[in-house]
Every structure is written in structure tokens, then in C-alpha cells.
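A look at the structure
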Amino acid sequence: MEGDPTLRLRVFDLNCWAIRYLSKRRQERVRLIGNMLRREGFDLVLLQEVWSEQDYSDLKVKLGGCYPFSHYFRRFPILDTLLYQYSLNGYPYMLQHGDWFCGKSVGLVIIKISGIIFNVYVTHLHAEYCREKDAYLPHRLVQAWELAQFIRHTSKAADVVLLGGDLNMHPEDVGIRLLRGWTGLRDAFAEAARFEGCEDGCTLVPNNCFTVKTELLPFPLGIRIDYILYKAISSFTVKCEELKTTTGTAPGMDIPFSDHEAVMATLHIQRQGQAAGATLGTAEPTLADVVTEARTEVGVGLRAAQQQRYSTGRMAVLALLLLLLQALAALGVLAGLAAGQPFPKLSFSLLAFLAIGVLLLATGLHLFHTIEVKMLQGTEEQMRMALRALQERPSDG
């Protein structure tokens, strides 16, 4: 009811792993997900990795609606939507990973429920793949920073902020600490009054038949990389009454809904007497340490990108020099300097095609790594300015 001082909201988040030709038993699982969502009647549903248009249409039919970003909002008017694509997202030549081709982004939907303005965000950050030698950490930190900045700059008119998604980061990782510290978002798992589900709230668990068991060997219980985060901005408070995860197979089936466990939160929103200011989530000295740590990792990625840019540039120059030498040799033949000697046309042509291919590839990679350097430099500079602002801000009292 409009103006009701309290509101209870049920939120569902799931990485559906519905990639055509790659995901096992995809259509069957999408049907199970749709049936479960219609049966449970969640207020907000946040889905990732729904890549097939047919799967998207099937879910819309199940849920009885048609909404952007694969979000479903029951009964509530959508005021606005926005999509922001991250500036860095892996490497195009890492075909076995595919994150670059997916174009990871964050979606925002602004809705109004019982007179309360909600900014609802959903995202999927770059995967980790190897924790011991994480080549994508700088890119994921850039994404976490851009996500935090996006939330801060777009949520100023909201009453409540909700973020759900596969963040591909453990709770103690610097990216999570940066995101939560810079936005003030609270972790539903840590704040929940009641919890039911996988131990430690893990969402990628070894007993899921779709997970790669070798990737979870260092983590016998699994890992928690899917989150529901929230905060109140104006004259409201938000508490997590209950948090649940799915555990194992779907009811009556021999398969789970996805390779990830779903996260389900029941949030209690209540109006309070006076407006609460939008503040950072942690003490400023601690946040300054987090920003410093993140900036250091981004700097490591920047130096690696600069080395890659130099290597690919040098390769392009060498290929160009080879083409020039071949051109000079061809001119010599035409001028009669090699008269009486047979001209190896086939070898010459193959070498020319190889040099052209190397030149085009090296030039393309050089341009890519140049853009990567610029993006990392920009993020490092933003973090430097943010760190200076934190250090210069006078302490309370």
C-alpha cells in the first residue's frame, strides 16, 4: 500500500549458466528455473548468463512479463533503466575463456514500490580461472571500481539500493572490500538474522554435478561468489530477515538449476524518523588502505599491459621491415639485378602473406593493449585522487 512505513521484499539472484551449445541440459534447466520462479512468486528476480533469445522469451512467458536485462519485477512500475558496459573485460585472444566476447556490464532498473524508490543493479564480473596466478585481477578490480562509481553516481535520488550478481570474488578479496567500502553496501549473508543453505553461504560447491571439481580443490566447502548487497540512503532502514541458498538438485529432478546455487533474501524495509546521510561503508583509514591495495594491483596490471604493448609494437615493426625487404627484393628482380637466376615466386608469396598476417595481428593487439593501458592509467589516477581525498578529509571530532 502506498505510504506503508514497512515493506517486506523477497529477492532472488542466480547465474543461470544458460549459454547455447556450451551449457549442459540448458533448455531443461531454464524450464525448471521458470517454473520455480512462477511458483515462489519472488518480488525481484536478478538473472545472469541468459544468453539465448529463446531462453529469455521462455522465461518471460513463464513470468508473464517483458522486461530489460533479464529482470522480472512483479506489480511494480519501472521508472527508468540503464546499462553500462565495463571498459576492460579480459583479452580477445583468450578464446577458451570468452569473457571478452560476452561484454560484461551492469544493468540498472529504477522501480517504485509502496512509495519507496529502489535502484536495483545486477552484474557479472570477469571470472578468476586461476587463483594462484590471476592474470585478470587488474581487469576485475577496474570493473569493481567502475561498478562502485556507477552505483554512487546513479543512486543519489534512491531510497534503497540493491545489487545482485556473480561478482567472481571471495568475500575477503580486495575487490569486494573496495566495492562495499566505496558504496556502503552491506552483505546480506553477513547481516542475515537467519540463514539456510550451503555451509558458509557458498554458491559454487563441489557436489554440484556441473562444477569443475579441480577448480574447487583448495576449497572443500566451495566458494561464495554470488551476492545480494543492499543499503538504505534516505529515511529508511534495510535489514535482512532471512537468506537462503539452493542446495543440490531441483525438487524431483536429478540436476540442479545451474552450476551456481541461487541466493534468496527476504529484506525488511522500514521508514525511520529522520533522513540518513549517504556515507561510506567503512572507517576512512581502513577504506584508504583498501584503495591503496587495489591501486597497487591495478599498477601491476598497468605495467604488464605496457610490456604487452611494447612487445606487440615491436612485432609489428619487424613484420613491416620484412615486407619492406621483400619489396626491395622484388624491385631488384624487376630492375634486372638478379638476371639469370630463377625467382622463387611461391616462397616469396608465402613469406609475404605471413608477414602481412603478422603485421595485421600485431597491429591489432598493439591497439588493444594501448587502450588497455589507457583504461588502467585512468583507473589508477581516479584511485589516486580518491585516496588523496580520503587522506585529506578531516577526521570527526
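**Some thoughts on the overall build of the protein**
- Secondary structure assignment for the protein yields eight helices and twelve strands.
- For the protein, the proportion of contacts with a sequence separation of at least 24, taken over those separated by at least 6, is 77%.

**Some thoughts on the layout of surface pockets**
- A volume near 1,000 Å³ is recorded for the largest pocket.
- In this structure, the largest pocket is lined by 36 residues; those nearest its centre are A127, Y129, E215, D259 and H260.
- Secondary-structure elements contributing two or more residues to the lining of the largest pocket are β1 (6-18) and α3 (99-102).

**What about empty space enclosed by the protein?**
- In the structure shown here, the tally under the stated rule is two cavities of 30 Å³ or more.
- Estimated volume of the second largest cavity: approximately 50 Å³.
- Surrounding the second largest cavity, 13 residues form its lining, F189, R224, D226, L243 and V263 being those nearest its centre.
- Residue assignment for the lining of the second largest cavity shows that the elements contributing at least two residues are α6 (188-191), β10 (226-232) and β11 (236-245).
- The element best represented in the lining of the second largest cavity is β10, accounting for three residues.
- Looking at side-chain class alone, the lining of the second largest cavity contains seven nonpolar, three polar and three charged residues.

**Here we look at helix α5 (residues 174-183)**
- Counting buried residues in α5 gives eight out of ten residues, a clear majority hidden from the surface.
- Among the residues of α5, V174, G175, I176, L178, L179, G181, W182 and T183 are the ones counted as buried.
- Remark: G184 follows α5 within two positions and exhibits a positive phi of approximately 80 degrees.

**A closer look at the pattern of salt bridges**
- For the structure shown, the criterion picks out 15 salt bridges.
- E128 is the partner of R131 in a salt bridge, and the nearest nitrogen-oxygen pair spans 2.7 Å.
- Its relative accessible area of 30% is what places R131 among the partly exposed residues.
- Among the ionic contacts, a cluster of salt bridges with common partners joins E128, R131, E172 and D173.

**Observations concerning the pairing of strand β12 (residues 263-271)**
- Buried residues dominate β12, accounting for seven of its nine residues.
- Across eight bridges, β1 lies against β12 in antiparallel orientation. If you follow R10 over to β12, its bridge partner there is T266.

**Quick notes on the pairing of strand β7 (residues 160-166)**
- Summarising burial for β7: seven of the seven residues are buried, a large majority.
- Judged by which residues are buried, β7 turns out to be covered on both faces: V160, L162, G164 and D166 on one side and V161, L163 and G165 on the other are all buried.
- Relative to β7, strand β6 (residues 116-124) runs parallel, the two being bridged by seven bridges. Of the residues in β7, the one forming a bridge with V122 is G164.
- Running through helix α4 (residues 137-154), the crossover from β6 to the neighbouring parallel element β7 is right-handed.
- Looking at chain direction, β7 and β10 are connected through seven bridges and run antiparallel. Paired with L163 across the two strands is L229, which belongs to β10.

**Concerning the packing of α4 against helix α8 (residues 345-392)**
- Axis separation between α4 and α8 bottoms out at 11 Å; the angle between their running directions is 55 degrees. Between α4 and α8, the angle is such that the two are oblique. Like other packed secondary-structure pairs, α4 and α8 cross with a definite hand, here left-handed. Two secondary-structure elements touch here, α4 through P138, H139, V142, W145 and Q149 and α8 through E372, L376, T379, Q382, M383 and A386.
- Of the residues belonging to the contact of α4 with α8, the class tally is six nonpolar, four polar and one charged.

**Examining the packing of α4 against α5**
- Two elements in contact, α4 and α5, have axes separated by 9 Å at closest approach and are oriented at 15 degrees. Here α4 is positioned roughly parallel relative to α5, judged by the angle of their axes. Handedness of the α4/α5 crossing: right-handed. Residues L141, A144, W145, L147, A148, Q149, I151 and R152 of α4 pack against V174, G175, L178, L179, W182 and T183 of α5.
- Looking at the contact of α4 with α5, its residues break down into ten nonpolar, three polar and one charged.

About the thresholds
Residues numbered from 1 in each chain as written. Predicted model: local features only at pLDDT ≥ 70, side-chain atom pairs only at ≥ 80, totals over all residues. Heavy atoms only, no water. Helix = DSSP H or I, 4+ residues; strand = E, 2+ residues; numbered from the N terminus. Contact = heavy atoms within 4.5 Å. 1 Å grid on protein atoms, 1.4 Å probe; cavity = no way out; pocket = protein on both sides within 12 Å on 5 of 7 lines; lining within 4 Å. Points joined across faces, edges and corners; volume = space filled by probe spheres on them. Nonpolar A, V, L, I, M, F, W, Y, C, P; charged D, E, K, R; others polar. Buried < 20%, exposed > 50% of the residue type's maximum accessible area, 1.4 Å probe, protein only. Salt bridge = Lys/Arg side-chain N within 4 Å of Asp/Glu carboxyl O. Pairing = 2+ DSSP bridges. Right-handed = clockwise from strand over helix to strand, strands pointing away. Axes fitted to C-alpha atoms, helices over the stretch in contact; angles between N-to-C directions. Parallel < 35°, antiparallel > 145°, perpendicular 65-115°, else oblique. Left-handed = near helix turned anticlockwise from the far one by under 90°.

Geometry only, nothing functional implied.
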